[in-house]
Amino acid sequence: MSDQLVLSELPKIHGAMAEFDSPEELVEACKRAYEAGFRRMDAYAPMPVSGLAEALGFKKNRVALCVLIAGICGAAGGFGLLEWITCVAFPHNVGGRPFNSWPAYIPITFECTVLLAGLTALFSMLAMNGLPQPYHPVFNVERFERASIDKFFLCIESSDPQFRTPDVIDFLRDLGGKEVTIVPA
Amino acid sequence: MAITENLDSRELIDPGPDRVIGPGHNYETVTDRISEIVYLPLKKTPKKWYVGAFIAFCFVNLLVLAMWVLFAEGVGIWGINIPIGWGFAIINFVWWIGIGHAGTLISAILFLLKQDWRTSINRFSEAMTLFAVACAGMFPILHLGRPWLAYWLFPYPNSMWLWPQPRSPLEWDVFAVSTYFTISLVFWYCGLIPDLASMRDNAPKLWQRKIYGILALGWRGSAIHWHRYQKAYLLLAGLSTPLVLSVHTVVSFDFAISILPGWHTTIFPPYFVAGAIYSGFAMVLTLIIPLRAWYNMRDLITLRHIEASAKVMLGTGLIVAYGYAMEAFFAWYSGDKYESFMYWNRITGPYGICWALLILCNIAIPQALWSRKVRHNIKLVWIISIIVNCGMWLERFEIVVTSLTRDFIPSSWGTYIPTKWDWATYLGTLGFFMFLIFLFVRLLPSISIFEVREVVHHEQHMERAYEEKL
């Protein structure tokens, strides 16, 4: 009971975090946490781990869609610009060539497509990831600096409806997590 | 942290031509190995670094001087004249942009082809691309005559209501080169983000932590972030692949769409792209071989990387040789007297010595790379790579100068002799390029850390599978 009391006096909790040594252990832990019904959680790794996002129940990656839309806009915009320049804004007769000599516009159209699509690939990825983000509670955990070096972390967030402080810590320990800690918000 | 250890005292083994990473590495050691180069105290930075950076910086000053005189006096200080309007400026533009191409090839095309030897050299080659394109981009602007009006090249609403001519390959160049630079920068930075986070978390000093922290944008390695990140990276690789091919194709159109003998030929786009990759790999080898020796990175940049790069150089060199052969064949087969005269003049005319050197540097000497012994002799590979760099520069010289000096009628023939300011600008950009490279290896992780971690993971997996089999 006294444990409960102390924890409830903490101002705010972001979640509970456990550390793992290998990507395989982390994926396994995420799968089991998902099976146990946890949904609001995130895993942290120093490199991309295949199957990790899927184990957390992440399905909708919209980066490709954004890039496709940007590419189409780039192509249409680039081609449209050249058509407008040569046919509308500045129609200029050079050696009797037609104003709308569209095959000559393809290289620039292509470059505009790649330019817009490429910029969107980076910026849509950053925007959907919520970056740049100057502060995040996970950095309050001292061991977390290993998350970009050699350790793997699972954090179950307090916004999860199943989040109960002592239970969730035991649960993370059961998963084989080391250094289970509360993450202050 | 391992930073306090003396870099030179450790014994580092090159694991040979079959492995991309030395033995005994784990996630932590690769992070330390790569980041300690940046975090090395100033006193422990290799002396060679200081000497090299100083020499490069002197040449940067030469570039500034050459530009100053150019702005004050105009392009008349160069050797260009009528009819030879394109001298060193265009030669160097094509040469530099070609060098950039290997970086994109390594980072994008080899990524799509899942080549394991790409990992340790992609970051460095991408930086090389950026700096080479920056050098390349200077030349056409300096060549404009009134460089301060360079923004006229872009279509923007202006009070004169004038627009650039989008049917001209020179205008295509503006879009191709500016897009290439932008996308290369995006690709490079995208790859750097997770490593900047590692640098932030590994930094020994608070101010370093702050700087890398700002650059890392708060990256925390979330699984969902990684998922989107990988998708974005894959798409960037997919977009860069046709982009890199298009850039040198557009550059070759500057020549091929004109009607000048020796330029007006359909072999130019593929032959220019192959030549670009050829010279780019030569530059990669020229740079990584001393780099890995100075910083003792033989366990991360192994013989496998060097041998594979040498093989790509050999392969693209053969495509270039085919291009030369086809040029000669068509000069004869076309029956066009201007075309065949141009080719004959290239060999026997006033610039014949360049042609002979070009064949020697680009075709004859690199054939030594067929031999495994030569490919495994790192010093020899380094020398060949420098020879190829010179050869490719001579090729650009040949293409630009011989066609312009011998036009259709003898009354419009001329001679081109580069002046000291031509050389000063060229050597200046070389210094600028090298100086940026020196700064880059000192300030940023020159090997992609998180990708090397993936390699370590893969190796551990293989070892475990092997042990289980035993």
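**Examining the overall build of chain B**
In terms of regular secondary structure, chain B is built from 15 helices and zero strands. Seen through its principal axes, chain B has C-alpha atoms that stretch 75 × 55 × 40 Å.

**A closer look at the overall build of chain A**
In terms of helices and strands, chain A carries six helices and four strands. Relative to its length of 185 residues, chain A is extended, with a C-alpha radius of gyration of 26 Å against a globular reference of 16 Å. In terms of overall dimensions, chain A has a C-alpha envelope of 90 × 35 × 30 Å along the principal axes. A buried classification covers 42% of the 185 residues belonging to chain A. For chain A, the share of sequence-separated contacts (at least 6 apart) that also reach a separation of at least 24 residues comes to 79%.

**Focus on the interface of chain A and chain B**
Of the residues lining the interface, 52 residues belong to chain A; the matching set on chain B comes to 47 residues. In terms of residues, the side of chain A that touches chain B owes the most to one element, helix α5 (residues 106-128) of chain A, which gives 14 residues. Here the residues of the side of chain A that touches chain B are counted per class, giving 40 nonpolar, eight polar and four charged.

**Here's the deal with the environment of Glu28(B)**
Note on placement: Glu28(B) falls in helix α1 (residues 27-39). Exposure remark for Glu28(B): the 18 C-beta atoms within 10 Å place this residue in the partly exposed category. Leaving out residues up to four positions away in the same chain, Glu28(B) has contacts with Ile149(A) and Asp150(A).

**Let's talk about the pairing of strand β3 (residues 152-157) of chain A**
All names here are of chain A. Burial analysis of β3 places six of its six residues in the buried class, the great majority of the element. Residue alternation in β3 divides its side chains into two sets, Phe152, Leu154 and Ile156 and Phe153, Cys155 and Glu157, and both sets are buried. Across six bridges, strand β1 (residues 13-20) lies against β3 in antiparallel orientation. Residue alanine 16 lies in a different strand from β3, and its bridge partner there is isoleucine 156.

**Examining helix α5 (residues 169-202) of chain B**
Residues and elements named next belong to chain B. Between its first and last C-alpha, α5 extends 48 Å over 34 residues, near the 50 Å set by a 1.5 Å rise per residue. Its axis deflected by about 40 degrees at isoleucine 193, α5 carries its strongest bend there, up to four residues before the proline proline 194. Here α5 lies mainly inside the structure; 26 of its 34 residues are buried.

**Notes on the domain arrangement of chain A**
Here chain A is described as being made up of domain 1 (2-59 + 135-184) and domain 2 (63-128). Computed over C-alpha atoms only, the centres of domain 1 of chain A and domain 2 of chain A are separated by 46 Å.

**What to know about the packing of helix α8 (residues 268-294) of chain B against helix α9 (residues 303-333) of chain B**
Residue and element names in this part refer to chain B. The geometry of α8 relative to α9 is characterised by a closest axis approach of 8 Å and an angle of 150 degrees between their N-to-C directions. Between α8 and α9, the angle is such that the two are roughly antiparallel. In this structure, α8 meets α9 at a crossing whose hand is left-handed. Between α8 and α9, the residues in contact are Tyr271, Ala274, Gly275, Ile277, Tyr278, Phe281, Ala282, Val284, Leu285 and Ile289 and Ile306, Ser309, Ala310, Val312, Met313, Thr316, Gly317, Ile319, Val320 and Gly323, respectively. A class-by-class count of the residues in the contact of α8 with α9 yields 15 nonpolar, five polar and no charged.

Rules behind the numbers
- Residues numbered from 1 in each chain as written.
- Chains lettered and ligands numbered in written order.
- Predicted model: local features only at pLDDT ≥ 70, side-chain atom pairs only at ≥ 80, totals over all residues.
- Helix = DSSP H or I, 4+ residues; strand = E, 2+ residues; numbered from the N terminus.
- Rg over C-alpha atoms; globule rule 2.2 N^0.38 Å.
- Buried ≥ 20, exposed ≤ 12 C-beta atoms within 10 Å, placed from the backbone.
- Contact = placed C-beta atoms within 7 Å.
- Nonpolar A, V, L, I, M, F, W, Y, C, P; charged D, E, K, R; others polar.
- Pairing = 2+ DSSP bridges.
- Expected span 1.5 Å × (residues − 1).
- Bend = angle between axes of the 7 residues up to and from the residue.
- Domains from an automatic or database assignment.
- Axes fitted to C-alpha atoms, helices over the stretch in contact; angles between N-to-C directions.
- Parallel < 35°, antiparallel > 145°, perpendicular 65-115°, else oblique.
- Left-handed = near helix turned anticlockwise from the far one by under 90°.

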